[in-house]
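Each chain, letter by letter, is given below.
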Amino acid sequence: MNPPDLSPDAVARCLDGLRAIRPTLAEALEPFREADLAGSLDPLLTDVPRRIDPGLSDGRPLATFILGCGRGLVTKAVVNGLRLTQANSLAIVVEPDARRLLASLAVDDWRDALEDARIRFAIGKDLEAAIGEALPEHPNAIIEIGLQPGVGLINGDASNRVPDIRRALGTTVERAMAAISTACRDQAQERERGDRPPSLPTGRWRILSVVQTRTSALKHLGPAIIDAANRTGHEGITQVLDRDGAPFTRSLATTVALRSNADLVVGFLEPGATTIPWRRDYPSLVVVSSNPALLPIDRYSWTERDLVVVTESSFTEPYRRLGLNPLVRPLATFTHPAELVEERATSIAPCDVLVVGTLPPAAERRTDLGADEREAVRRLSTRLVERPEISLDAVCAEHGIATTTDGWSSFHLALAYEATRRKRIAVVVALVDAGFSVRVHGDEGWREALAEANAESVFEGWLSEGLDQAAAFRSAGVVVNINSFATPGSLNMRSFAVPAAGGVLISDDRPALREAFEVGREVAAFKTITELPKVVADLLANDDARDAMADAGRARVALDHSWDAWWAWAEQALRARFPAAGDRS
């Protein structure tokens, strides 16, 4: 067998080709163009599997650090795993000896790895700097290894080199973790003022919101509130952490929180102490838009620093039992400039009825319920859909199913989700059967559900929030929205977003709708699915009535339900709860 070609011409060809697809990597290796690469190649490993799948942490793919470049076989196996699992993750080849990587690139097949943007290269003896250059979108990725379990480490090289790389990486991580710990301690000492109660400055605040996304609505709450605060002169930043997406969320949250040096934290569902745990001086505004029965709130570390705001009054009692005094305020929405919405709307194909929303999973997929309970959920959910005047609690009580001391049981929640699912599907099917042109946007659960009902043609996939969704609301004849049975005392965000966009909202009728809008003038409502087609037909037949309702609904949102109005209320409540030290009586 001929020896590998590591001649200057071969290395030059390698670097020239590399520059076209990985210019940054080529630049890092360019100083070794004339180096003697003899002896730099590692032996070929013989026991590398064809495919190495990324590990999982909390259901999401780990980042994989490959220790040593070897001959590229381990990296190629990781690439195969990423492609076959379609994982939204990253793999970082850590190679302190740049000559070894250059030698392997010159003689081995790295094409798959080089063409996959999820594969990064951390090259050089300064591992902290190398990893930072490989992952520029993450402000301090090296500490993720110390925070664990956000990453996985695997051998990419012959075993006699890996221990040295592991030791070097471990030392680097320890040094970075010590620096973070020192910075956290210094910030805590600087900010804390003895035993004084939490307070806010009299003027501008530094505000931080770190959002661990659970739903698409939650993903947009943080930026919306912070943007409203910024418009009043505060200094706020938001960091959205996608729990189902890329790794490095813990290190990103820690770094952003440390850099913000916030006066106030805006959080969701959980106490503010989870955002900046090394400090005990800052107040937090905690917005709760989900049923507390869904959350282990009794296991969270609530303190006097938390001002809890729930979106409906029925959510207050569980928090009161924990010694908190929650306030009640419905959600709000962002109002895009009318001319932008109108311009975008002209490019969207019109339809009679638009439905936007997600479908909860079917009851039969619940593993926390027995077969008899799942059957009862299916039966009772049909009753809820057909008889909207009967509450979920009443239906359960009729069948001897009582609430627990903590509120709703798993059965109640399963019933609420199943009823929501069935009603949303039934509404779409009824409108299609009535002959309207219907368009549905939402999660993939709709595809299967509508296929079973022979209405699959109306489903058109996900529609991103923001201007695109607002334009769709504006372009449709009417928008039908069905709120969740799991939050019977409140409205979802679409209830406000539709009129904010100048769309005509037809909502399921509930007291919260009538508290927020003047039904019949600003929005329309329906009680039963049977009557819905007539409500739709009457509005579609009267352009003047629809235009008047759209104008009135948008004006009402701007006055009472915009995020600017919401923040004005919240700031007043915060200043009352956490007055500046000199303002206390």
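Check the entry above for the structure.
*Asks:* What's the story with the overall build of the protein in this structure? I'm lost.
*Replies:* A tally of regular secondary structure across the protein gives 22 helices and 17 strands. Expressed as lengths along the three principal axes of its C-alpha atoms, the size of the protein is roughly 85 × 65 × 55 Å. Expressed as a percentage of the 585 residues in the protein, the buried residues total 52%. Taken as a whole, the protein presents about 26,500 Å² of accessible surface, with 49% of it coming from carbon and sulfur.

*Asks:* Would you mind going over the side chain of Glu 312 with me for this structure?
*Replies:* Secondary-structure assignment places Glu 312 in the loop between strand E11 (306–310) and helix H11 (316–320). It is Arg 510 that comes nearest to the buried, bridge-free Glu 312 among opposite-charge side chains, at 5.8 Å. Among the polar contacts made by the side chain of Glu 312, one reaches the side chain of Ser 314 at a distance of 2.3 Å.

*Asks:* Quick question: what am I supposed to make of the packing of aromatic side chains here?
*Replies:* Two aromatic rings are characterised by how far apart their centres lie and by the angle between their planes. All chains considered together, the criterion is met by 7 aromatic pairs. Between the aromatic rings of Trp 110 and Phe 121, the centroid separation amounts to 5.9 Å while the plane-to-plane angle is 50 degrees, which identifies the pairing as tilted. On the criterion of sequence distance, the pair formed by Trp 110 in the loop between helix H4 (98–107) and helix H5 (111–115) and Phe 121 in strand E5 (residues 119–123) is long-range, its members being 11 residues apart. Under the relative-accessibility criterion, Trp 110 is labelled buried at 3%. Taken together, a centroid distance of 5.4 Å and an interplanar angle of 70 degrees make the contact between Trp 563 and Trp 566 edge-to-face. Taken as a pair, Trp 563 and Trp 566 lie in helix H22 (residues 563–577) at a separation of 3 residues, close to a single helical turn. Grouping aromatic residues by their ring pairs yields a cluster made of Tyr 300, Trp 302 and Tyr 319. Above the plane of the ring of Tyr 282 lies Arg 305, whose end atom (NZ or CZ) is 4.8 Å from the centre.

*Asks:* What's the story with the sheet that holds E11 in this structure? I'm lost.
*Replies:* Paired through backbone hydrogen bonds, the strands of a sheet run either parallel or antiparallel to each other. Across the sheet, which stays open at both edges, the 6 strands sit in the order E8-E7-E9-E10-E11-E12 with parallel pairing between neighbours. Every other strand in the sheet has two partners, leaving strand E8 (235–241) and strand E12 (327–328) as the edge strands with one partner each. Pairing between strand E7 (residues 206–212) and strand E9 (residues 264–268): 2 bridges, direction parallel. Following the sheet pairing, Leu 208 is matched in E9 by Val 265.

*Asks:* Looking at this model, I keep getting lost on H4. Mind explaining?
*Replies:* Think of an α-helix as turning once every 3.6 residues; residues three or four places apart then point the same way. Among the 10 residues in H4, 7 count as buried, and that is most of the element. Looking at H4, one finds that the buried residues are Ala 98, Arg 100, Leu 101, Leu 102, Ala 103, Ser 104 and Leu 105. The inward-facing, buried residues of H4 contact helix H1 (8–21), helix H2 (23–29), strand E4 (91–95), H5 and E5. The N-capping residue of H4, defined by a side-chain oxygen 3.1 Å from the backbone nitrogen of Arg 99, is Asp 97.

*Asks:* Explanation requested: the packing of helix H13 (residues 371–386) against helix H15 (residues 410–433) in the structure shown.
*Replies:* In a pair of packed helices, the angle between the axes and the distance between the axes together describe the arrangement. Relative orientation of the contacting elements H13 and H15 amounts to 50 degrees, with a least axis distance of 8 Å. Taken together, H13 and H15 sit at an angle that is classed as oblique. Between H13 and H15 lies a crossing whose hand is right-handed. Residues Glu 373, Ala 376, Val 377, Arg 378, Leu 380, Ser 381, Thr 382, Leu 384 and Val 385 of H13 lie in contact with H15, whose contacting residues are Phe 411, Ala 414, Leu 415, Glu 418, Ala 419, Arg 422 and Lys 423. In the contact of H13 with H15, the residues fall into 9 nonpolar, 2 polar and 5 charged.

*Asks:* Explanation requested: the side chain of Asn 80 in the structure shown.
*Replies:* Among the structural elements, Asn 80 can be located in helix H3 (residues 73–85). For Asn 80, a relative accessible area of 13% corresponds to the buried category. Only 2.8 Å separates the side chain of Asn 80 from the backbone oxygen of Arg 50, close enough to count as a polar contact.

*Asks:* Looking at this structure, how should I read unusual backbone geometry?
*Replies:* Where the residue is not glycine, phi is negative for most of them; where a peptide bond is considered, it is trans in most cases. One non-glycine residue, Leu 269, lies in positive phi territory at about 75 degrees. Mapping Leu 269 onto the fold places it in the loop between E9 and strand E10 (284–288). Even without a glycine there, the phi angle at Asn 454 is positive, about 60 degrees. With respect to the helices and strands, Asn 454 occurs in the loop between helix H16 (445–452) and helix H17 (467–475).

*Asks:* Mind showing me how you'd approach the pattern of salt bridges here?
*Replies:* One side chain can pair with another of opposite charge once the charged atoms of both are near each other. Per the counting criterion, the structure on display carries 40 salt bridges. Of the charged contacts, one joins Asp 5 and Arg 13 as a salt bridge, the two residues approaching to 3.8 Å between their closest N and O atoms. By relative accessible area, Arg 13 is classed as exposed at 54%. Overlapping salt bridges bring together Asp 42, Glu 95, Asp 97, Arg 99, Arg 100 and Arg 161 as one network.

*Asks:* Just to check I follow, could you spell out the nonpolar core for this structure?
*Replies:* Nonpolar side chains tend to gather and get buried jointly when the protein is soluble and globular. Counting 64 residues, the largest nonpolar core has Leu 285, Tyr 319, Trp 563, Trp 566, Trp 567 and Leu 574 as its most contacted members. Ignoring anything within four residues of it in the chain, the contact list for Trp 563 reads Leu 221, Ala 224, Ile 225, Ala 228, Leu 331, Ala 332, Thr 333, Phe 334 and Met 493. Membership of the second largest hydrophobic core comes to 38 residues, among which are Ala 63, Leu 67, Val 210 and Leu 252.

*Asks:* Please clarify how the environment of Leu 380 should be interpreted in this entry.
*Replies:* You can see Leu 380 is positioned in helix H13. Along the sequence, Leu 380 and Glu 518 sit 138 residues apart, while their C-alpha atoms lie 32 Å from each other. Beyond its immediate chain neighbours, meaning those up to four positions away, Leu 380 contacts Val 395, His 399, Ile 401, Phe 411 and Leu 415.

*Asks:* Would you explain the sheet that holds E5 in this entry?
*Replies:* Spatially, the 4 strands line up as an open sheet ordered E5-E4-E3-E6, and their pairing is parallel. Of all the strands in the sheet, the pair left with one neighbour each is E5 and strand E6 (151–155). For this sheet, the mean angle separating the axes of adjacent strands, direction not counted, is 25 degrees. With 5 bridges connecting them, strand E3 (residues 63–67) and E6 associate as parallel partners. The partner of Phe 65 across the bridge, within E6, is Leu 153.

*Asks:* Would you take a moment to explain the pairing of E7 for this structure?
*Replies:* Most of E7 sits out of view: 5 of its 7 residues are buried. Note: E7 against E8, 7 bridges, orientation parallel. Across the sheet, Ser 209 pairs through a bridge with Thr 238, a residue of E8.

Scoring rules and cut-offs
- Residues numbered from 1 in each chain as written.
- Predicted model: local features only at pLDDT ≥ 70, side-chain atom pairs only at ≥ 80, totals over all residues.
- Heavy atoms only, no water.
- Helix = DSSP H or I, 4+ residues; strand = E, 2+ residues; numbered from the N terminus.
- Buried < 20%, exposed > 50% of the residue type's maximum accessible area, 1.4 Å probe, protein only.
- Areas by Shrake-Rupley, 256 points an atom, 1.4 Å probe, with all protein chains shown as cover.
- Lys, Arg positive; Asp, Glu negative; His and termini not counted.
- Salt bridge = Lys/Arg side-chain N within 4 Å of Asp/Glu carboxyl O.
- Polar contact = N/O pair within 3.5 Å; in protein donor to acceptor, adjacent residues only side chain to side chain.
- Phe/Tyr/Trp six-rings, centres within 6.5 Å; stacked < 30°, edge-to-face > 60°.
- Lys NZ or Arg CZ within 6 Å of the ring centre and 35° of its normal.
- Pairing = 2+ DSSP bridges.
- Contact = heavy atoms within 4.5 Å.
- Axes fitted to C-alpha atoms, helices over the stretch in contact; angles between N-to-C directions.
- Parallel < 35°, antiparallel > 145°, perpendicular 65-115°, else oblique.
- Left-handed = near helix turned anticlockwise from the far one by under 90°.
- Nonpolar A, V, L, I, M, F, W, Y, C, P; charged D, E, K, R; others polar.
- Core = buried A, V, L, I, M, F, W, Y, C linked by side-chain atoms within 4.5 Å.

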